[in-house]
Amino acid sequence: MVPRGDGEVGLETTSFEETHQQQKKLVIGYALTSKKKKSFLQPKLEVLARKKGISFVSIDQDKPLSEQGPFDVLLHKLLGNAWHEVIEDYQKKHPEVTVLDPPGSIQRIYNRQSMLQGIADLNLPDCDGMVCVPKQMVVLKDTTSSADKVAEAGLKFPLVAKPLLVDGTAKSHQLFLAYDRLSLAELEPPLVLQEFVNHGGVLFKVFVVGDVIRVVRRFSLPNVSNCEKAKVAGVFQFPRVSSAAASVDKSELDPRVAELPPKPLLEGLVRELRNRLGLQLFNIDMIREHGSSDVFYVIDINYFPGYGKMPDYEQVFIDYFLSLAQAKHNKRECIKSGIEM
Ligand SMILES: Nc1ncnc2c1ncn2[C@@H]1O[C@H](COP(=O)(O)OP(=O)(O)OP(=O)(O)O)[C@@H](O)[C@H]1O
Ligand SMILES: O=P(O)(O)O[C@H]1[C@H](OP(=O)(O)O)[C@@H](OP(=O)(O)O)[C@@H](O)[C@@H](O)[C@@H]1OP(=O)(O)O
Ligand SMILES: [Mg+2]
Ligand SMILES: [Mg+2]
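What you are looking at is a predicted structure, and each value in this text was computed from that prediction instead of being measured.

### Some points on the coordination of the magnesium ion (ligand 4)
The expected angle between donors at a tetrahedral four-coordinate metal is 109.5 degrees. At an octahedral six-coordinate metal it is 90 or 180 degrees.
Part 1 of the argument: For the magnesium ion (ligand 4), every protein donor is listed as D300 (OD), D300 (OD) and N302 (OD1), and the spread of their distances is 2.0 to 2.7 Å.
Part 2 of the argument: A distance of 3.7 Å spans the gap from the magnesium ion (ligand 4) to the magnesium ion (ligand 3), which D300 bridges by coordinating each metal. As far as the burial class goes, D300 and N302 line up, both buried.

Rendered as structure tokens:
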């Protein structure tokens, strides 16, 4: 207890700022591919982090994880499932460590079928718009017979063929546009066949970092005209237009196409998705149906995407990491004073 100037006796509590300043550390262990390390751990982020007492420590994958650390946060994106087991095991033994993000939740969006499941049923009232997913079906084998199944499912050509599993390889991002039944035989399963939705050639990348949402415009594929649908046959490989580094400048576009999705819609969608997916670090690819002002389609969700291309990502992440430290501090204080959380 400490005497206060007003004569009363106050509890001796340390503020988060004080504790953080004293301890001067939030240790973030990271296990990232070299590509991700290069794009994410840029010098500006490290400098800002150091000033706030946050340090990034590289995890040595050749040593047991439990012999490393201690860590406050574990940030990871590596190829392969073996790593996921290591993290799950570690999390069981160290529940106090914040794992970004839990392997089970990531796994769900590494499959393009489970990735979009449930989105069309989300309850988003008063959100100034509607969120749908394109009609799609899975082909596990034999693309020849899938032509009949496509018809049964009522899917309309052209169809986007996407590898079912996203495993971080370039091949898992190799997409094709199939214009007719016959062309389906040329595709290599397992894949999803998804209706192509005309959207005026612009895509919205909705980046999520905890509570924070940032949206950028990217160029996408142009509309497919009815004339093209009638005349063109075969399969065509997609160029990877929308993962380009540059965002699109609004002034170059038709305002009806350029207009960002309404804020209440994005907030509602992200809130629901974070709960359902159990993820903090992801982005959503959204398109606006051509000719509509408020009908949107979610076509892709990516775990720990290219944040280096998100405006001001350094500060957003510093604030996010500090909020994790703050939450941890609050929890400790509550435990100390016997308050239930
Ligand atoms: N159903 C669709 N209708 C219209 N365009 C689509 C559709 N699906 C994909 N696209 C276009 O193809 C691009 C790549 O598709 P998608 O995002 O599903 O693939 P990806 O390999 O997961 O991409 P990313 O690099 O974002 O992970 C999209 O950004 C968009 O331009
Ligand atoms: O390469 P970039 O930095 O742009 O990030 C891309 C990221 O690759 P990386 O994780 O190897 O960095 C991809 O991850 P995998 O599906 O291949 O695992 C995927 O999330 C893309 O959507 C990201 O592009 P964005 O959606 O942000 O434009
Ligand atoms: Mg995408
Ligand atoms: Mg993707």
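### Observations regarding unusual backbone geometry
Part 1 of the argument: Omega for the bond connecting L100 with D101 falls within 30 degrees of zero, at -10 degrees, which places this linkage in the cis form.
Part 2 of the argument: With respect to the element layout, D101 can be found in the loop between β6 (98–100) and α5 (103–109).
Part 3 of the argument: Residues F157 and P158 are joined by a peptide bond in cis, for which omega reads 0 degrees.
Part 4 of the argument: If you trace the backbone, P158 turns up in the loop between α6 (146–152) and β9 (159–163).
Part 5 of the argument: In this structure, D312 takes a positive phi of about 60 degrees despite not being glycine.
Part 6 of the argument: Among the structural elements, D312 can be located in the loop between β16 (295–303) and α10 (313–336).

### Digging into the domain arrangement of the protein
Part 1 of the argument: Examined at the domain level, the protein breaks down into domain 1 (26–101 + 319–337) and domain 2 (112–303).
Part 2 of the argument: Of note, the centres of domain 1 and domain 2, computed from C-alpha atoms alone, are 31 Å apart.
Part 3 of the argument: Facing seven residues of domain 1, the contacting portion of domain 2 comprises nine residues.
Part 4 of the argument: Across the domain 1 to domain 2 interface the summed buried area is about 650 Å²; carbon plus sulfur atoms make up 61%.
Part 5 of the argument: Its largest share of buried area at the contact with domain 2, domain 1 owes to L79, D101 and Y320, together 71% of the area lost on that side.
Part 6 of the argument: Our count for the domain 1 to domain 2 interface comes out at zero salt bridges.

### Some words on the environment of Y179
Part 1 of the argument: Locating Y179 in the fold gives a position in the loop between β10 (176–178) and β11 (191–195).
Part 2 of the argument: According to the relative accessible area criterion, Y179 is buried, its value standing at 9%.
Part 3 of the argument: A sequence separation of 57 residues divides Y179 from F236, and the C-alpha atoms of the two residues are 8.5 Å apart.
Part 4 of the argument: Beyond its immediate chain neighbours, meaning those up to four positions away, Y179 contacts F157, P158, V224, E228, V232, A233, G234 and F236.
Part 5 of the argument: At 2.7 Å, the side chain of Y179 forms a polar contact with the side chain of E228.

### A short note on the pattern of salt bridges
Part 1 of the argument: For the structure shown, the criterion picks out 10 salt bridges.
Part 2 of the argument: In this structure, D72 engages K328 in a salt bridge whose closest nitrogen and oxygen atoms are separated by 3.7 Å. Linking D72 in the loop between β4 (54–58) and β5 (73–77) with K328 in helix α10, this pair joins segments that are 256 residues apart in sequence.
Part 3 of the argument: Residues K205 and D285 are paired through a salt bridge, measuring 2.9 Å at the closest nitrogen-oxygen approach. Of this pair, K205 sits in strand β12 (residues 202–209) while D285 sits in strand β15 (residues 281–288); the two residues are 80 residues apart in sequence, bridging distant segments of the chain. By the burial criterion, K205 is buried, and D285 matches it.

### What to know about the site of ligand 2
Part 1 of the argument: Around ligand 2 sit 14 residues in total, of which K35, H173, K205, G306 and K309 are the nearest.
Part 2 of the argument: H173 is positioned with one of its side-chain polar atoms (N or O) 2.7 Å from an oxygen atom of ligand 2.
Part 3 of the argument: When isolated, ligand 2 has an accessible area of 540 Å², and the protein chains bury 89% of it.
Part 4 of the argument: Residues belonging to the shell around ligand 2 are distributed by class as follows: three nonpolar, five polar and six charged.
Part 5 of the argument: Each of domain 1 (26–101 + 319–337) and domain 2 (112–303) accounts for three or more of the residues forming the shell around ligand 2.

### Points about the packing of aromatic side chains
By convention here, two paired aromatic rings are described through the distance between centres and the angle between planes.
Part 1 of the argument: Counting across every chain of the model gives 12 aromatic pairs.
Part 2 of the argument: For the pair Y307 and F317, a centre-to-centre distance of 4.8 Å together with 75 degrees between the ring planes defines the contact as edge-to-face. Placement of the pair is Y307 in the loop between β16 and α10 and F317 in helix α10, with a sequence separation of 10 residues. Here the two residues Y307 and F317 agree in accessibility, since each one is buried.
Part 3 of the argument: For the pair Y313 and F317, a centre-to-centre distance of 6.4 Å together with 70 degrees between the ring planes defines the contact as edge-to-face. Of the two residues, Y313 and F317 both sit in helix α10, four residues apart, roughly one turn of that helix.
Part 4 of the argument: An aromatic cluster is defined as three or more aromatic residues linked by ring pairs; in this entry it consists of F40, F56, F207, Y303, F304, Y307, Y313, F317, Y320 and F321.

Calculation criteria
- Residues numbered from 1 in each chain as written.
- Chains lettered and ligands numbered in written order.
- Predicted model: local features only at pLDDT ≥ 70, side-chain atom pairs only at ≥ 80, totals over all residues.
- Heavy atoms only, no water.
- Donors = N, O, S within 2.8 Å, 3.2 Å for Na, K, Ca; no water.
- Buried < 20%, exposed > 50% of the residue type's maximum accessible area, 1.4 Å probe, protein only.
- Helix = DSSP H or I, 4+ residues; strand = E, 2+ residues; numbered from the N terminus.
- Domains from an automatic or database assignment.
- Contact = heavy atoms within 4.5 Å.
- Buried area = accessible area lost by both parts, 1.4 Å probe.
- Salt bridge = Lys/Arg side-chain N within 4 Å of Asp/Glu carboxyl O.
- Polar contact = N/O pair within 3.5 Å; in protein donor to acceptor, adjacent residues only side chain to side chain.
- Near = heavy atom within 4 Å.
- Areas by Shrake-Rupley, 256 points an atom, 1.4 Å probe, with all protein chains shown as cover.
- Nonpolar A, V, L, I, M, F, W, Y, C, P; charged D, E, K, R; others polar.
- Phe/Tyr/Trp six-rings, centres within 6.5 Å; stacked < 30°, edge-to-face > 60°.

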